[in-house]
Amino acid sequence: MSLESVPPKYAQLVQALQRRIESGTYPPGSMLPSEHQLIQEFSVSRPTVVAALRVLREQGWIESQQGKGRFVRGRPAMATVESNRPGQAYLTSPETDAPGELIEAGAVALPNRMAALLDARPHSKAFLRRRLLAREGEPSELVSLWLPLELSEGTDLTSGEPLPQGIRQHLQSRKGIRFDHIVEQITARMPTAQEAKQLGMPKNVPLLAVFGAVRDASGRPLVAVEVLLPADRHELEDAYPVS
């Protein structure tokens, strides 16, 4: 769950409570203010408070004890680890932050896997934006963004210039859609001849393929992203609480 600039009210509350925990205002072991107290202090609705507390609990900042209340655990250890999620990074970071070139943009037939991620018919038309990213002057990863044709209309996704904002922010400002969550899958396979050439990698080295299906709050698919990473140049790391 991304808590970005100009976040919804529940995310603002999450950030405010995290700051208080980190500053020691709410030290580890102390009881968190009640829902009613938070509603009164922050002038928000009960659903906003409930959503914020759920996020804090899921992320490991607080814990609930039945019949007693919610207690502060402190800043979770996982919060100090930088999660490396290529799909999410591409969707939220400005393209100008990642040197590369646009190698394809336009309407194409959906491959079976991408059609499944978008809940679309195989080989139906969708918009594809594909960029070859580079690190230290060498090809590093191949990133493909797929979305329904109607969502690409009126956007700058056909531009050969890197976008000065993330895909998420661009689509939100141009089309009014809001990303809620990403369902991510990671597989390994051998590269095609074209992929090996584009990425400057030997044909006998496998690819790590990261697929992300971006959905709105109702579960409707909005965008699918595919990130291809040469396995000899990348490793994926994540952090999560043990419940």
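Residues take numbers from 1 onward in each chain, read along the sequence in its written order. Reporting in this predicted model follows two pLDDT cut-offs: at least 70 for local features of residues, and 80 or more for side-chain atom pairs to be given and counted; totals over whole chains, interfaces and linings ignore these cut-offs and use all residues. Note that the side-chain values use all heavy atoms of the structure and ignore hydrogens as well as water.

Draft legend 1. Here's a closer look at the overall build of the protein chain. The helix count covers DSSP runs of H or I at least four residues long, the strand count covers runs of E at least two residues long, and both are numbered beginning at the N terminus. Counting secondary structure elements, the protein chain contains eight helices and eight strands. The buried share of the protein chain, taken over its 243 residues, is 41%. Taking contacts inside the protein chain between residues at least 6 apart in sequence as the whole, the part at least 24 apart equals 60%. On the protein chain, roughly 13,300 Å² of surface is accessible, and the fraction owed to carbon and sulfur atoms is 48%. Three labels apply to residues, based on accessible area from a 1.4 Å probe with only protein chains included: buried if under 20% of the type maximum, exposed if over 50%, partly exposed otherwise in between. Here, residues are in contact when the closest pair of their heavy atoms is within 4.5 Å. Every accessible area reported is derived by Shrake-Rupley at a probe size of 1.4 Å, with residue values counting cover from the shown protein chains alone.

Draft legend 2. Representation of the packing of helix 1 (residues 9-23) against helix 2 (residues 35-42) in the model. Simply put, an axis is a line fit to the C-alpha atoms, just over the touching stretch for a helix, and the angle between two N-to-C directions goes from 0 to 180 degrees. Between helix 1 and helix 2, the shortest axis-to-axis distance is 13 Å and the interhelical angle comes to 105 degrees. With respect to helix 2, the axis of helix 1 lies roughly perpendicular. Between helix 1 and helix 2, the contacting residues are Leu-13, Ala-16, Leu-17 and Arg-20 on the first element and Leu-38, Glu-41 and Phe-42 on the second. Here the nonpolar group is Ala, Val, Leu, Ile, Met, Phe, Trp, Tyr, Cys and Pro; Asp, Glu, Lys and Arg are the charged ones; every other residue, Gly included, is treated as polar. Tallied by class, residues from the contact of helix 1 with helix 2 come to five nonpolar, no polar and two charged. An angle below 35 degrees is treated as roughly parallel, one above 145 as roughly antiparallel, one from 65 to 115 as roughly perpendicular, and anything else as oblique.

Draft legend 3. Inspection of the packing of helix 1 against helix 3 (residues 46-59) at higher detail. It is the contact of helix 1 with helix 3, at a shortest axis distance of 8 Å, that shows an interaxial angle of 50 degrees. Considered as vectors, helix 1 and helix 3 are oriented oblique to each other. The element helix 1 and its partner helix 3 pack so that their crossing is right-handed. From helix 1, Lys-9, Tyr-10, Leu-13, Val-14, Leu-17 and Gln-18 reach across to helix 3, where they touch Thr-48, Val-49, Ala-51, Ala-52, Leu-53, Val-55, Leu-56 and Gln-59. Looking at the contact of helix 1 with helix 3 residue by residue, the class counts come to 10 nonpolar, three polar and one charged. Handedness of each helix crossing follows the sense of rotation of the near helix against the far helix: counterclockwise by less than a right angle gives left-handed, clockwise gives right-handed.

Draft legend 4. Looking closely at the pattern of salt bridges. We define a salt bridge as a contact between a side-chain nitrogen of Lys or Arg and a carboxyl oxygen of Asp or Glu at a distance within 4 Å. Under the defined criterion, the tally for this structure stands at 12 salt bridges. For Arg-70, the salt bridge identified is with Glu-35, shortest N-O distance 2.9 Å. Pair noted here: Arg-70 is in strand 2 (residues 69-72) and Glu-35 is in helix 2, with a separation of 35 residues, a long-range link. The shortest N-O distance in the salt bridge between Glu-95 and Arg-129 comes to 2.8 Å. Of this pair, Glu-95 sits in the loop between helix 4 (86-92) and strand 3 (100-109) while Arg-129 sits in strand 4 (residues 125-135), and the two are 34 residues apart along the sequence. An identical accessibility class is assigned to Glu-95 and Arg-129; each is buried.

Draft legend 5. A look at the environment of Phe-71. In this fold, Phe-71 is placed in strand 2. Along the primary structure Phe-71 and Ser-30 are separated by 41 residues, whereas in three dimensions their C-alpha atoms are 5.6 Å apart. Setting aside residues no more than four positions away along its own chain, Phe-71 makes contact with Gly-29, Ser-30, Met-31, Leu-32, Ile-62, Glu-63 and Gln-65.

Draft legend 6. Broad picture of the sheet that holds strand 7 (residues 207-215). Only when DSSP finds a minimum of two bridges between them are two strands counted as paired. Read from one edge of the open sheet, six strands run 3-4-5-8-7-6, paired in antiparallel fashion. Each having just a single partner strand, strand 3 and strand 6 (181-189) make up the two edges of the open sheet. This sheet shows a mean twist of 15 degrees between the axes of neighbouring strands, independent of strand direction. Bridging between strand 6 and strand 7 involves nine bridges; their strand directions are antiparallel. Across the sheet, residue Thr-187 finds its bridge partner in strand 7, namely Ala-209.

Draft legend 7. Main features of the confidence of the model for the protein chain. Per-residue confidence for the protein chain gives a mean pLDDT of 86; residues scoring 70 or more make up 89%. Values of pLDDT, which run from 0 to 100, indicate the predictor's confidence residue by residue. Below a pLDDT of 50 lies the segment residues 1-6, which in the model reaches nine contacts outside its immediate sequence neighbourhood of four places, other chains included.

Draft legend 8. Focus on helix 7 (residues 167-175). When we look at burial in helix 7, the residues that qualify are Ile-167, Arg-168, His-170 and Leu-171. The arc that holds every buried residue of helix 7, seen down its axis, measures 165 degrees, which confines them to one face. Just beyond helix 7, the residue with positive phi is Gly-176, at close to 75 degrees. Comment: arc refers to directions from the helix axis out to C-beta atoms.

Draft legend 9. Summary view of the side chain of Ser-152. By the element assignment, Ser-152 lies in helix 6 (residues 149-152). For Ser-152, a relative accessible area of 12% gives the class buried. N or O atoms closer than or at 3.5 Å make up a polar contact, with two conditions inside protein: a donor-capable atom paired with an acceptor-capable one, and, for residues adjacent in sequence, both atoms drawn from side chains. Within polar-contact distance, the side chain of Ser-152 engages the backbone oxygen of Leu-149 at 2.7 Å. Sequence-distant contacts of Ser-152, defined by excluding residues within four places in its chain, comprise Phe-127 and Leu-147.

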